[in-house]
Amino acid sequence: MEHERLVRMGKFLGRLVLVIVVAGLLGLIGYGYLGNLSANQSEVRVPVTLEAQ
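Description of the structure in this document. Quick caveat, the model's predicted, so the values are computed rather than measured. (Residues numbered from 1 in each chain as written. Predicted model: local features only at pLDDT ≥ 70, side-chain atom pairs only at ≥ 80, totals over all residues. Heavy atoms only, no water.)

Across its full length, the protein chain holds one helix and zero strands. The C-alpha atoms of the protein chain give a radius of gyration of 26 Å, which is well past the 10 Å a tight globule of 53 residues would have. The principal-axis extents of the C-alpha atoms in the protein chain amount to approximately 85 × 35 × 10 Å. Across the 53 residues of the protein chain, 0% fall into the buried class. Per element, the accessible surface of the protein chain, about 5,800 Å² overall, is 64% carbon and sulfur. Here the protein chain contributes 5 positively and 4 negatively charged side chains, and the mean placements of these two sets differ by 18 Å. (Helix = DSSP H or I, 4+ residues; strand = E, 2+ residues; numbered from the N terminus. Rg over C-alpha atoms; globule rule 2.2 N^0.38 Å. Buried < 20%, exposed > 50% of the residue type's maximum accessible area, 1.4 Å probe, protein only. Areas by Shrake-Rupley, 256 points an atom, 1.4 Å probe, with all protein chains shown as cover. Lys, Arg positive; Asp, Glu negative; His and termini not counted. Charge placed at Lys NZ, Arg CZ, Asp CG, Glu CD.)

Here is the structure:
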């Protein structure tokens, strides 16, 4: 009896972890598509001094 209970608890925890992982991946994918993950682009000009050797 105790063994069966532990097996059921293990299956439940395994399914729970799987559901949480899948939900996290779906959330990450959704945020990647719908969220603004692109960087703001702007032109940058910096003067550079080169020393001849």
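We now examine the pattern of salt bridges. Counting across every chain of the model gives two salt bridges. A salt bridge links Glu2 to Arg5; the shortest N-O distance between them is 3.9 Å. With Glu2 and Arg5 both in helix α1 (residues 2–34) and three residues apart, the pair spans about one turn of that helix. Given a relative accessible area of 49%, Glu2 falls into the partly exposed group. A salt bridge links Arg45 to Glu43, with the shortest nitrogen-to-oxygen separation between them at 2.6 Å. No difference in accessibility class separates Arg45 from Glu43, as the two residues are exposed. (Salt bridge = Lys/Arg side-chain N within 4 Å of Asp/Glu carboxyl O.)

The next subject is a nonpolar patch on the surface. A cluster of nonpolar side chains, namely Met9, Phe12, Leu13, Leu16 and Ile20, defines an oily patch on the protein surface of about 490 Å² accessible area. Take Leu13: its relative accessible area is 44%, and that puts it in the partly exposed class. (Patch = residues over 30% accessible without salt bridge, like charges linked within 9 Å, V, L, I, M, F, W, Y side chains within 5 Å.)

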